[in-house]
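As a plain string of letters, each chain reads:
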Amino acid sequence: GLSPVAPARSKVSYFYDHDVGNFYYALGHPMKPHRVRMAHELLVAYGVTERLQVLRPPRATESDLTRFHADDYIEFLKRITPETAREQSELLHRFGVYEDSPCFDGIYNFCQMSAGGSLAGAARLNRGLCDVAINWAGGLHHAKKTEASGFCYINDCVLAILELLKHHARVLYCDIDVHHGDGVEEAFYTTDRVMTCSFHKFGNFFPGTGDVRDIGYGPGRHYALNFPLQDGVDDACFREIFTPIMSRVMEWYRPGAVVLQCGADSLSGDRLGCFNLSIRGHAECVRFFRRHGVPLMLLGGGGYTVRNVARCWAAETALTADMPLDDAIPYNPYYEYYGPDFQLHLRPSNMENLNTRPYLARIVTELLDSLYHLPH
Ligand code: ZLM
Ligand code: CA
Ligand code: ZN
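Residues numbered from 1 in each chain as written. Chains lettered and ligands numbered in written order. Predicted model: local features only at pLDDT ≥ 70, side-chain atom pairs only at ≥ 80, totals over all residues. Heavy atoms only, no water.

A word on the coordination of the zinc ion (ligand 3)
Then, in step 1: Within the first shell, the zinc ion (ligand 3) binds the protein through Asp 177 (OD), His 179 (ND1) and Asp 265 (OD), at distances of 1.9 to 2.0 Å.
Then, in step 2: We note that the donor set of the zinc ion (ligand 3) lies within a single chain, spaced as D-x1-H-x85-D. Placement of His 179 in the loop between strand S4 (171-175) and helix H8 (182-187) and of Asp 265 in the loop between strand S7 (257-261) and helix H10 (279-291) is noted, with a sequence separation of 86 residues between them.
Then, in step 3: The exposure class assigned to His 179 is buried, which follows from its relative accessible area of 8%. (Donors = N, O, S within 2.8 Å, 3.2 Å for Na, K, Ca; no water. Helix = DSSP H or I, 4+ residues; strand = E, 2+ residues; numbered from the N terminus. Buried < 20%, exposed > 50% of the residue type's maximum accessible area, 1.4 Å probe, protein only.)

Spelled out as structure tokens, the structure:
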């Protein structure tokens, strides 16, 4: 095909609510909304926010949330508080709000804020008001229609895609979080209007879905792609699988918009993840879609070594605004988190990459074979 040409300077709508960092799941819980505030403060200190349209997301309303989620589940989320939770244990279990996804103070406000950014971002992309919309408080890809799962209560990815489908015939969802994007895949498993593609650790790992043989169903057959991976994925191997697959998807599926879930738990040294990507390797995925000049939504997701999450999402935001960043972390309110090196970029570790070349080549071939069934 023709080589893609990037536009001169992208218009970037960046959604941030200064309250997001105050939400707190539970003592010792790995999911920390504070990392979104850390990323924001890095962007302010680097001067990147001056090149962005910084917008405070409107809170998603009940009717926004029930475009995907069940009314009784949303009603429950709206009413539940840590105080009333004790006498509601049956409902908490029915709706998955325990252990991984606990009831916490302000849970519904957090959900409204996270989903509000993704919905407003999709609406701005639809109206042509920006080329890139960013919501680091989103990307909560495990939430189901009637159930919280894996730290996720509201599936803002699904809501954003539904909004984009109002203006685009086809939307691509690509997920580079170390976990499988099961909630988004399930929501669009039987339609050809959304292609979902997840790269993830597979085998004895949450949520357990995402086998390479799961390709979609009915009219959605061949419109789901899953790349199961083992520990130690590095930049070189990720580039070698991502580029051929996503290039073929862009060429043959021709999405009108792309939603990229940028879970940062695929970075080297993540507290829950087991991949070995550098920030450059992770950001290469953002660069890929920018080069194609397609309307792009960037969402957060996982990421549990908070200093690295902030580094990564700051670097990816700067990249969309075409602003190169100095490797020296500028002084900011969370400066001490970035020691002892105080550098933006990570050094991947020397961990073993358990993904052999023949294995990766076999999965690439299988996925390209599935894509061959697309009209082209
Ligand atoms: N137990 N505290 C990724 C979602 C991953 C399921 C094993 C609950 C944890 C984890 C919670 C403080 C995304 C599972 C875990 C403990 C059944 C998972 C609370 C530590 C803690 O210390 C912890 C008391 C907690 C949870 C670790 N949970 C690690 N991995 C996964 C869910 C979400 O990144 O993809 C997108 C945001 N859950 O493995 C258990 C099987 C519940
Ligand atoms: Ca994934
Ligand atoms: Zn994850």
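Section: the packing of aromatic side chains
The geometry of an aromatic ring pair is captured by two quantities: the separation of the ring centres and the angle between the planes.
Then, in step 1: All chains considered together, the criterion is met by 23 aromatic pairs.
Then, in step 2: Residues Trp 136 and Trp 313 carry aromatic rings whose centres are separated by 5.1 Å and whose planes lie at 5 degrees to one another, so their mutual orientation is stacked. Taken together, the residues span a long stretch of sequence, with Trp 136 in the loop between strand S3 (132-135) and helix H7 (156-164) and Trp 313 in helix H11 (residues 306-320) at a distance of 177 residues. Each member of the pair, Trp 136 together with Trp 313, is buried.
Then, in step 3: Ring centres of Tyr 331 and Tyr 335 lie 5.3 Å apart, and the angle between their planes is 45 degrees; on these two criteria the pair is classed as tilted.
Then, in step 4: Taken together, the ring pairs connect Phe 199, Phe 227, Phe 238, Phe 242, Phe 288 and Phe 289 into an aromatic cluster.
Then, in step 5: Stacked on the ring of Tyr 253, the Lys or Arg Arg 170 has its end atom at 6.0 Å from the ring centre. (Phe/Tyr/Trp six-rings, centres within 6.5 Å; stacked < 30°, edge-to-face > 60°. Lys NZ or Arg CZ within 6 Å of the ring centre and 35° of its normal.)

Focus: the pairing of S7
Then, in step 1: The buried fraction of S7 is high, at five of five residues.
Then, in step 2: The alternating pattern of S7 places Ala 257, Val 259 and Gln 261 on one face and Val 258 and Leu 260 on the opposite face, and all of these are buried.
Then, in step 3: With four bridges connecting them, S7 and strand S8 (residues 296-299) associate as parallel partners. Across the sheet, Val 258 pairs through a bridge with Leu 296, a residue of S8.
Then, in step 4: Following the backbone out of S7, through H10 and into the adjacent parallel S8, one traces a crossover that is right-handed. (Pairing = 2+ DSSP bridges. Right-handed = clockwise from strand over helix to strand, strands pointing away.)

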